[in-house]
Amino acid sequence: MLDSGSSSCALGVLFGYYVIAPLSVNFLGSYQVSSTVANQISLTSFISTVTTVSLANGIIFELPILVYFLTKIGFLTPDFMRVYRKHAMVVTLILSAIITPPDITSQILVSFPLIILYELSIKISARVIKNQKKKTA
């Protein structure tokens, strides 16, 4: 299980680095408050933006692993996740708005994988419950 956890984190970091970070840097580089205010991007702010976006995506891609363990200890069920699916969509959009710069394209690019991860987490939770029922029967 540790191997899949590190690979999902790595996948999230790569997604953040290759998809979201270029959009963020492009947006922040071209954003202008007014024509009198010059946009000065430093190397420190560039590295900080890329690092933050990449690591945030790496952490978020750990959702299925977290759901696996929460289901295993009996704290979470697939039925609960299905009932609160709409709430999860709102939280997903809020998280993607926090992670990305204020541009709708990158927000949508982040929210789609989160929604897919949530749906995958429901399936993982259902499988854990099914396996637990097999062991007790």
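Description of the structure in this document. None of the values given here were measured: they were computed from a predicted structure.

**A look at the packing of aromatic side chains**
Tallied over the entire structure, the rule returns four aromatic pairs. On the numbers, 5.2 Å between centres and 75° between planes, the contact of Tyr68 with Phe69 is edge-to-face. Residue classification places Tyr68 among the partly exposed residues on the basis of a relative accessible area of 21%. You can call Phe69 partly exposed: its relative accessible area is 46%. On the numbers, 4.8 Å between centres and 50° between planes, the contact of Phe80 with Tyr84 is tilted. Since its relative accessible area comes to 44%, Phe80 is described here as partly exposed.

**Thoughts on a nonpolar patch on the surface**
Taken together, Ile41, Leu43, Phe46 and Ile47 make up a surface patch of nonpolar side chains, about 400 Å² in accessible area. Relative to the elements of secondary structure, Ile47 occurs in helix H2 (residues 43–60).

**Examining the pattern of salt bridges**
If you walk through the whole model with that rule in mind, you get two salt bridges. Of the charged contacts, one joins Arg82 and Asp79 as a salt bridge, the two residues approaching to 3.3 Å between their closest N and O atoms. In this pair, Arg82 and Asp79 both sit in helix H4 (residues 78–83), three residues apart, roughly one turn of the helix. Its relative accessible area of 52% is what places Asp79 among the exposed residues. Here Arg85 ties to Glu119 by a salt bridge, and the two come within 2.9 Å at their closest N and O atoms. A residue pair is termed long-range when its members are at least 10 positions apart, and Arg85 in helix H5 (residues 85–99) and Glu119 in helix H6 (residues 104–136) qualify at 34 residues. Judged by relative accessible area, which is 26%, Glu119 ranks as partly exposed.

**Points about the packing of H5 against H6**
In the contact formed by H5 and H6, the axes pass within 9 Å of each other and the chain directions differ by 145°. Regarding H5 and H6, the two cross each other, and that crossing is right-handed. Contact with H5, carried on its side by Arg85, Ala88, Met89, Thr92, Leu93, Leu95, Ser96, Ala97 and Ile99, involves Gln107, Val110, Ser111, Leu114, Ile115, Tyr118, Glu119 and Ile122 of H6 and no other residues of that element.

**So, the nonpolar core**
Counting 11 residues, the largest nonpolar core is built from Phe15, Ile20, Ala21, Val50, Val53, Ile60, Phe61, Ile99, Val110, Leu114 and Leu117. Elements supplying a minimum of two residues to this core: helix H1 (2–30), H2 and H6. Counting six residues, the second-largest nonpolar core is a separate cluster that includes Val67, Leu76, Ala88 and Tyr118.

Definitions and cut-offs
Residues numbered from 1 in each chain as written. Predicted model: local features only at pLDDT ≥ 70, side-chain atom pairs only at ≥ 80, totals over all residues. Heavy atoms only, no water. Phe/Tyr/Trp six-rings, centres within 6.5 Å; stacked < 30°, edge-to-face > 60°. Buried < 20%, exposed > 50% of the residue type's maximum accessible area, 1.4 Å probe, protein only. Patch = residues over 30% accessible without salt bridge, like charges linked within 9 Å, V, L, I, M, F, W, Y side chains within 5 Å. Areas by Shrake-Rupley, 256 points an atom, 1.4 Å probe, with all protein chains shown as cover. Salt bridge = Lys/Arg side-chain N within 4 Å of Asp/Glu carboxyl O. Helix = DSSP H or I, 4+ residues; strand = E, 2+ residues; numbered from the N terminus. Axes fitted to C-alpha atoms, helices over the stretch in contact; angles between N-to-C directions. Left-handed = near helix turned anticlockwise from the far one by under 90°. Contact = heavy atoms within 4.5 Å. Core = buried A, V, L, I, M, F, W, Y, C linked by side-chain atoms within 4.5 Å.

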